[in-house]
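This is what each chain is made of:
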Amino acid sequence: MTRVALRGIRAHLVRFLLSLLAVTLGVAFVAGTFSLRTMMGSTFSGIVASSMQGDAYVRGSEPAASAAQTGSTAGDVRGLVPASLAQTIERVDGVRLALPAVSGPIVLVGADGTAVVSTQAPSFGMALYPEDDTADIVTGHAPIGAGEIALESATLESSGLAVGDDTTVVLSGAVHTVTVVGEVSVGAPMAGATIVYLDVATSTAAYAADGMVASIDVFADDGVDEESLVSSVDAALKTAAATDVETVSGTDLRAEATADINESLGFVQTFMLVFAGISLFVGAFIISNTFAMSVQQRMREFALLRAIGASPGQVFGSILIQAALVGLAGSTLGIAAGLGLVSLVRIAVGQIGMNLSGSIPLDAGTVVASLLVGTLVSIAAAALPARRAALTPPVEAMRDAGGARSKSLRSRGIVGAVVTVAGIAGLVLAWSRPDPDGPVLLGLGATGLVLGVLVLSPVIARYSLSALAAVFVVAFRPLGRLARGNIIRNPRRTANTAGALMIGMALVGAASVLAASATVSTRAIVDDGWIADYSVQSAAEAVPVGAVADLRDLDTVKSVDVLRYGPALLTQDAGGSAADRSLIVVAIPPESLGHTLDFDAVDGTLDSFARGEVAVQQGIAKDHDWQVGDDVTFTTTVGETSVQIGAIVDTALIGAPIIMPDESFNRIVPESQTVIDSLLITAAASSAPAEVRADVTAAVAPYVVLSVLDKDEFASQLAGQVDQILGILYAMLALSIIIAILGIVNTLALSVIERTREIGLMRAVGLGRLQLAGIITIESVLTALFGTVIGVAVGVGIAAVMPAVFTEVGLTELAVPWGQLGSMLGVAALVGVLAALWPAVHASRLPVLDAVVSD
């Protein structure tokens, strides 16, 4: 039967090539996802290896809050250690160097006069020790004094600067004029990070003025192994009575950092695999449809095989062999296409400054997973058509009708209706019980609704396509009526063909509603609570301190409220690991309430802010069972500090679980870990808006990265960030639409083959080539419109529940972009026309006499 299967593929090559292409696209995403993750992991592992070359590291022994921490950290975030311990460590036998790791935020101005900002990669300055031989100075020399800097090689290139050029940096909130005196290579791509090297005195004054650093890098003398070095340093620290510190080997810390990176990259892989699964699921429709139509057309062939002695199992096996071969070939091509996809991604991210390292990886795990996925999906998709072919009696299959059996849709309709109702019930429950089961119920309900509609779609098609075709029947007589009859005659095939597009359009429709709702919700949040005249934001994620004083000196500005954030660590009594207890807290001055910010308390009163009490978000209050009047205790650098809850709030205006007045914030978050997020400006009463804006813009201009926004601009900026995220989503979903188009092309092509004799007869009685092409085009457009209308309706229904479920994260309003959804119908019509081009041309070129005598 293997020979029979191979001959079947060769005899019907076109239909199998279309299925092969569907498998290729789906597997390309799977292979590309694994390869991209491996390449990203290799890039960040290279960064770890090149930036952490110490033989041992001295760090804090206790966990610390994990955000905005000064200093270079890797692995678990720990407390700071005294930089002065480096002198003690250097006196230990076997220690060659002990260098405090001094680093922190900086803004570099490039040759074009703008800040050097690369995607989401950090920009930081760090101390360059003259005795540090791990730093490779390619050109020039190490910086000496506050007026000199050196740049990492990729940073030097992206900035447009050269050794010897003068530029400016923003450091510790002040603008400094500096000269680039050296280029430093770290030996690996740094994924777009902007790295500026400073002399030790300048960096220490900026980032470690309190004498505390993230770690101390220890380098051993030749011949001293890491284990001995760690033991010797540990003993010396105990002798010096150093507390809350520990020594770890370089190998262990690099492994810890790499493990953390790989865990973080797991989210990226999961995100992309979801879309790979969608692509394969959509592709499975095409494969299933292809084999179903192929089996239908070859029923007499299978009957002859049965008549000469082939068993049902052999017929079943021959079809599965064909599917397996299609899956293997498609998977192999998909692996190659996946590597090409990763190459394009690497080029694209390189254009925005994020360089990924090395050659594109292809390991055995990626190959095996890709081959298995593609092959198993193909076999599973072909199983039902193969079973039908194997169980059809030979006598029935050898009739002129080709064994066609039009089964009743009653059972399928009942099953589809039950699943659809169950899905709708899940969505209703998610809407009525958003907390805490809302997201789970939403996912289950959405899955049930999509699957139910897919099962029910032949029934829907039978009754809805007549309405959709009405315009074509009237406008294109008699072509519209013939096309309508062709697609209604086999509702299963039409529904299966439209199913792939239905899934893609459901996702696109849901994403469109989500995007519109997120934009409207963002604007509503800003309109309700952001009452400042202007705000100052930073492209580098931190507003320099110097800008605050400069703005307060303006006569046209009445007040400047500073919104700050920083990391905090709940005490162990709060339960959970250090990562669970670590959170971001926000500080706002008490006088800003009702002045530049406005939100209400769910319980308690915001008047308590003036007494040093804090406000907590309703979500975290429920998680920790906090009530108004309870104390919240934090672990700080000086021990434990408690603050009292004065109010419970429910606001998306400030995206932090705890909001503090400045006085409480200063006791909990060290100044070195504090970041100014934005400045809220109130104009002087006698000043014109244009004058105020001009003065504020001029005041912040020297800081390069700062922008001045009014309320509308600020809301637009936030909405733009949402659009960027959803833009990635749309790009991913585009693949499912492409696969769906292939499905329509595939079905139409097979339909032309199936109706060869019918086409010949119509041509013989006077149907023209263009008329025939028109019929096929109308069939394609109707199929695409059916899939789009049903898919968009399902997507909108699912997305409509999201605001109720995700209110706590700021999705408070529902907005349906009717114009955008309507344009999808135009896109569907275009998709139908494009999909019909090749089948229509093929049908119109069939020789009439050959078609008439075709069997």
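Everything quoted here is computed from the prediction, not taken from an experiment.

S.K.: So what about the confidence of the model for the protein? Which residues, and what values?
M.R.: Chain-level statistics for the protein give a pLDDT mean of 83 and a share of 88% at 70 or above. Low confidence marks residues 68-75, where pLDDT is under 50. Its contacts with residues over four positions away, or in another chain, come to 31 contacts. Predicted confidence is poor over residues 400-404, with pLDDT under 50, and the contacts of this stretch with residues over four places away or in other chains come to 12 contacts.

S.K.: Give me the lowdown on the side chain of S844, citing residues and values where you can.
M.R.: Note on placement: S844 falls in helix α26 (residues 818-844). Note on S844: relative accessible area 10%, which makes it buried. Here V841 takes part through its backbone oxygen, which lies 2.9 Å from a polar atom of the side chain of S844. When near neighbours in sequence (up to four residues on either side) are disregarded, S844 contacts R763, R769 and L772.

S.K.: So, a negative patch on the surface: which residues are in play, and what are the values?
M.R.: Taken together, the side chains of D527, D528, D598, D600, D712 and E813 define an acidic patch exposed on the protein surface. Mapping D598 onto the fold places it in the loop between β17 (582-587) and β18 (601-604). Exposure remark for D598: the relative accessible area of 36% places this residue in the partly exposed category.

S.K.: Pulling in residues and values, what's your account of the nonpolar core?
M.R.: Counting 71 residues, the largest nonpolar core has I776 and I798 as its most contacted members. For this core, the element with the highest residue contribution is helix α24 (residues 769-799), accounting for 16 residues. Apart from residues no more than four positions distant in its own chain, I798 is found in contact with L427, L442, A446, L449 and V450. The next biggest cluster of nonpolar side chains, apart from the first, holds 40 residues, and it includes A56, L108, I216 and A236.

S.K.: Give a detailed account of the pairing of strand β19 (residues 614-617), specifying residues and quantitative values.
M.R.: Side chains V614 and V616 of β19 all project onto a buried face; the interleaved residues A615 and Q617 project onto the opposite face, where all are buried too. Of the strand pairs in this sheet, β19 and strand β21 (residues 639-649) are connected by 4 bridges, and their pairing is parallel. Residue pairing across strands places Q617 opposite V649, the latter belonging to β21. Here β19 runs beside strand β22 (residues 658-660); their pairing, made up of 2 bridges, is antiparallel. Its bridge partner being in β22, V616 is matched across the sheet by I658.

S.K.: Outline the pattern of salt bridges, supporting the account with residue identities and numerical values.
M.R.: Counting across every chain of the model gives 9 salt bridges. Measuring nitrogen to oxygen at the nearest pair gives 3.0 Å for the salt bridge that ties E663 to R667. Of this pair, E663 and R667 both sit in helix α20 (residues 662-668), 4 residues apart, roughly one helical turn. A salt bridge links R693 to E713; the shortest N-O distance between them is 2.7 Å. In this pair, R693 sits in helix α21 (residues 689-700) while E713 sits in helix α22 (residues 711-754), placing the two residues 20 residues apart along the sequence. Residues joined in a network through salt bridges with shared partners are R59, E246 and E256.

S.K.: Hey, could you go over a nonpolar patch on the surface for me, with residue numbers and the actual values?
M.R.: Taken together, the side chains of L830, V833, L834 and L837 make up a nonpolar region of the molecular surface, amounting to roughly 360 Å² of accessible area. In this structure, L834 sits in helix α26. Residue class for L834 comes out partly exposed when judged on its relative accessible area of 47%.

S.K.: Summarise the side chain of T366; cite the residues concerned and give the values.
M.R.: Relative to the assigned elements, T366 resides in helix α10 (residues 364-391). On the accessibility criterion, T366 (3% relative accessible area) is buried. Residues contacting T366, with those up to four places away along its chain left out, are A31, F34 and S35.

S.K.: Hey, could you go over the environment of L305 for me, with residue numbers and the actual values?
M.R.: Positionally, L305 belongs in helix α8 (residues 299-307). Through-space distance from the C-alpha of L305 to that of V315 is 7.7 Å; in sequence the pair is 10 residues apart.

S.K.: Which residues make up helix α5 (residues 200-207), and what values go with them?
M.R.: Along α5, the positions that sit buried rather than exposed are T202, S203 and Y207. Seen from one end, α5 has its buried residues packed into an arc of 105°, which puts them on one side. Exposed residues on α5 whose side chains face more than 90 degrees from its buried face are A201 and A205. Elements that come into contact with the buried residues of α5 comprise β4 (103-105), β6 (123-127), β9 (166-171), β11 (194-198) and β12 (212-213). Looking at where α5 begins, the residue whose side-chain oxygen comes 3.3 Å from the main-chain nitrogen of A201 is D199.

Quick notes on the rules
- Position numbers for residues count from 1 along each chain, tracking the sequence in the order it is written.
- Only residues with pLDDT of at least 70 are given local features in this predicted model, and only at 80 or more are side-chain atom pairs given and counted; all residues enter the totals for whole chains, interfaces and linings.
- Only heavy atoms go into the side-chain values, all of them from the structure, while hydrogens and water stay out.
- As a per-residue measure, pLDDT tells how confident the predictor is, with possible values from 0 to 100.
- Only heavy atoms matter for contacts: two residues are in contact if any of them lie within 4.5 Å across the pair.
- Strands here are runs of E lasting at least two residues and helices are runs of H or I lasting at least four, both read from the DSSP assignment and numbered beginning at the N terminus.
- Partly exposed describes any residue whose relative accessible area lies between the buried limit of under 20% and the exposed limit of over 50%, with all areas from a 1.4 Å probe on protein chains only and scaled to the type maximum.
- Polar contacts here mean pairs of N or O atoms no more than 3.5 Å apart (in protein, one a potential hydrogen donor and the other a potential acceptor; neighbouring residues in sequence count only if both atoms are side-chain atoms).
- Only residues above 30% relative accessible area that lack a salt bridge enter a patch, with like-charged residues linked at up to 9 Å and the nonpolar side chains Val, Leu, Ile, Met, Phe, Trp and Tyr linked at up to 5 Å.
- Computed with a 1.4 Å probe, the accessible areas rest on the Shrake-Rupley method; for each residue, only the protein chains presented here act as cover.
- Think of a salt bridge as a Lys or Arg side-chain nitrogen and an Asp or Glu carboxyl oxygen that are within 4 Å of each other.
- In this tally, Lys and Arg are treated as positive and Asp and Glu as negative; His is ignored, and so are the chain termini.
- For this purpose, a charge sits on NZ of Lys, CZ of Arg, CG of Asp or CD of Glu.
- We define a nonpolar core as any set of buried Ala, Val, Leu, Ile, Met, Phe, Trp, Tyr and Cys residues linked to one another through side-chain atoms lying within 4.5 Å.
- Note on pairing: DSSP must find at least two bridges between two strands before they are called paired.
- By construction, the arc corresponds to the directions joining the helix axis to the C-beta atoms.

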